[in-house]
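Observations on the three-dimensional arrangement
Spelled out from the first residue to the last, the chains are:
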Amino acid sequence: MTISIAVRGDAAAAVERVVPQLVGDLVASGITAQVPTLWGPEAEPEAARRLGWTEAVAVSTPLLAEIESLREELRTRGLDHVVLSGMGGSSLAPEVIARTAGVELTVVDATEPGQVRRALGDRLDRTVLVVSSKSGSTVETDAHLRAWTAAFDAAGLDAAERIVVVTDPGSPLEARAREAGHRVFLADPTVGGRFSALTAFGLVPAGLAGADVRSLLSEAGAVSVELAQDDETNPGLVLGAVLAGTSPLRDKIALVADGTHIVGLADWAEQLLAESTGKRGRGLLPVVVGPGGREVRGDLADVQIIRLVADELETFDVAEGEVEVSASLGGHFLLWQYAVAVAGRLLGIDPFDQPDVESAKEATRELLTARPETVPPAFVSGGVAVRASSGLVVGGSLESAVAALLAELPADGYVAIQAYVDRHAHADLLALREWTAERAERPTTFGWGPRFLHSTGQYHKGGPATGVFLQIVQGTDDDLAVPGAPFTFGELLHAQAAGDAEVLAAHGRPVLTLTVDDPSALLPALRGALR
């Protein structure tokens, strides 16, 4: 199928004004030809080594036979339960592919002990673990690899035959995997993680789980010529103009995905948008909107609503000010990557770096190494320990603490809820998005920790300083060791939450942290505090 985009209102005006200039500057063909100067001299070094995604269909096609052969080999040996350890772009794309295909893929992008323990105990004798990390040094994937290796060994199972590694050539993980005898897939090092959906990072785990990744590449290949054309109908240029060409800029991008068969697409687009554009005090804040659409409230002057609709647009009668986009899954992947690259040019930033992601990692490492005393809470109420960043006066109740945080919210701001909890056991926390948006009358986002650190975490620190942050951190009385490491999963989780709060506060962002043993039990109290 082809790509269809329908626009009205400010978005249509942006397309009319911006796209002809993009065509005149040969931007689409320049991206395809991997011209690194399109984003300015400061971005040129990074762009020069991060445009390989434009050739992903051709480069990845030889992988397909290898993936299919390994899948059959594993199934013959009774290994039909695929577990993926990956963060950010290494997990979100295969998760979308597998969910849309209706095949089971267990994604472990967490450090909460209960969630990790439950995944470890699920059909271990039938499990193959895929460990995906570009750098090969990601702390979460290293911890998972240690845990599953130890579990396989303890059960008398051969870990060498049950672990598959996807990484960049020459990474520490490649050397470690080859020494251990694991199957290794090497990815294209010229593709950044969030642009890697059509590379080994997206294809290997989803393909081993049973998804038809051959058709996925065909879908992307079918639209590649269209996206490379310097033409005013090019959907990549149109969507790029919608994202970053409105005047004044509508920099809150509401992604509504209740009209498509593609499951989880908005979550994938969220990390691509946020991590690519949130830097130098600029950026586009993606807001994943549920079926009710109540995560965006109040004045919508700075909100652009984009609806991901059914497979084919039958009508272009879209609502005033809204945008509708239709494409196959493979088409969506390539379309959004082109559009985000275009948006980066329009915003005047480098869409391929992520300078602020590392800051939270460094803070986590320092906390795990130094082991400072835990900062005492401002107060404890009903089993909830309340902490706040400097300057945030929270009073002595949950109601006063929440009110103090929201009082810091700028008129053009947003609220970010960050839940460092077991996301499967406490999925009911998602209700906080609507409740908070209703009270704040501003767009509200929700991220599961620590997975969001590898995506929207970049926007939180590098984008406009307009966010206020509510952290919910699960207590870890029932902890889980990381074999061979000087810390536990619970200690890692708490260090990640504390490290991120520390970096946010250093950037002048207000942070309210609520630590509680049972996050779901917190919901009634928070509902009352948000009324």
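Scroll up to find the structure.
Remember, it's a predicted structure, so these values are computed and weren't measured experimentally. (Residues numbered from 1 in each chain as written. Predicted model: local features only at pLDDT ≥ 70, side-chain atom pairs only at ≥ 80, totals over all residues. Heavy atoms only, no water.)

**Here we look at the pattern of salt bridges**
- With the rule as written, the count across this model stands at 33 salt bridges.
- Note that Arg-250 is salt-bridged to Asp-10, the shortest N-O span being 3.0 Å. Remark: Asp-10 occurs in helix 1 (residues 10–24) and Arg-250 occurs in the loop between helix 13 (235–244) and strand 7 (252–256); sequence separation between them is 240 residues.
- Given a relative accessible area of 33%, Asp-10 falls into the partly exposed group.
- Note that Arg-214 is salt-bridged to Glu-68, the shortest N-O span being 3.0 Å. Residue Arg-214 is located in helix 12 (residues 213–228), and its partner Glu-68 is located in helix 5 (residues 63–76); the two are separated by 146 residues in the primary sequence.
- The exposure class of Glu-68 is partly exposed, given its relative accessible area of 27%. (Salt bridge = Lys/Arg side-chain N within 4 Å of Asp/Glu carboxyl O. Helix = DSSP H or I, 4+ residues; strand = E, 2+ residues; numbered from the N terminus. Buried < 20%, exposed > 50% of the residue type's maximum accessible area, 1.4 Å probe, protein only.)

**Points about the nonpolar core**
- In terms of nonpolar packing, the biggest core is built from 95 residues, with Trp-53, Leu-239, Leu-243, Trp-268, Ile-306 and Trp-336 touching the most fellow members.
- In this structure Leu-243 touches Leu-249, Arg-250, Ile-253, Leu-273, Leu-284, Ile-306, Trp-336, Ala-339 and Ala-343, once residues within four positions along its chain are discounted.
- Among the nonpolar cores identified, the runner-up in size contains 32 residues, and Val-402, Leu-405, Leu-409 and Phe-446 belong to it. (Core = buried A, V, L, I, M, F, W, Y, C linked by side-chain atoms within 4.5 Å. Contact = heavy atoms within 4.5 Å.)

**What to know about the packing of aromatic side chains**
- Enumeration according to the criterion identifies 9 aromatic pairs in this entry.
- Between Phe-446 and Trp-448, the aromatic rings sit 4.8 Å apart at their centres with planes inclined by 70 degrees, giving edge-to-face as the arrangement. In this pair, the class of Phe-446 matches that of Trp-448, namely buried. (Phe/Tyr/Trp six-rings, centres within 6.5 Å; stacked < 30°, edge-to-face > 60°.)

**So, the side chain of His-332**
- Residue position: His-332 is located in helix 15 (residues 329–347).
- With near-sequence residues (within four places) excluded, His-332 lies in contact with Ile-262, Leu-265, Trp-268, Leu-308, Val-325, Ser-326 and Ala-327.

**Thoughts on helix 10 (residues 172–180)**
- Residues of helix 10 that are buried include every one of Leu-173, Glu-174 and Ala-177, and no others. End-on view of helix 10: buried residues confined to an arc of 100 degrees, all on one side of the axis. Exposed residues lying more than 90 degrees from the buried face of helix 10 are Pro-172, Ala-175 and Glu-179.
- Looking at the buried positions of helix 10, the neighbouring elements they touch are strand 4 (127–133), helix 8 (139–154), strand 5 (163–167) and strand 6 (183–186).
- Following helix 10 by one or two positions, Gly-181 has its phi on the positive side, about 85 degrees. (Arc of directions from axis to C-beta.)

**Focus on the sheet that holds strand 3 (residues 106–108)**
- As summarised here, the arrangement of the 5 strands in space is 3-2-4-5-6, forming an open sheet in which the pairing is parallel. Every interior strand has two partners, whereas the edge strands, strand 3 and strand 6, have only one. The sheet shows a mean angle of 20 degrees between the axes of neighbouring strands, taken without regard to direction.
- Running over the sheet, helix 11 (residues 200–209) touches strand 2 (81–85), strand 4, strand 5 and strand 6 and is turned about 160 degrees from strand 5. (Pairing = 2+ DSSP bridges. Axes fitted to C-alpha atoms, helices over the stretch in contact; angles between N-to-C directions.)

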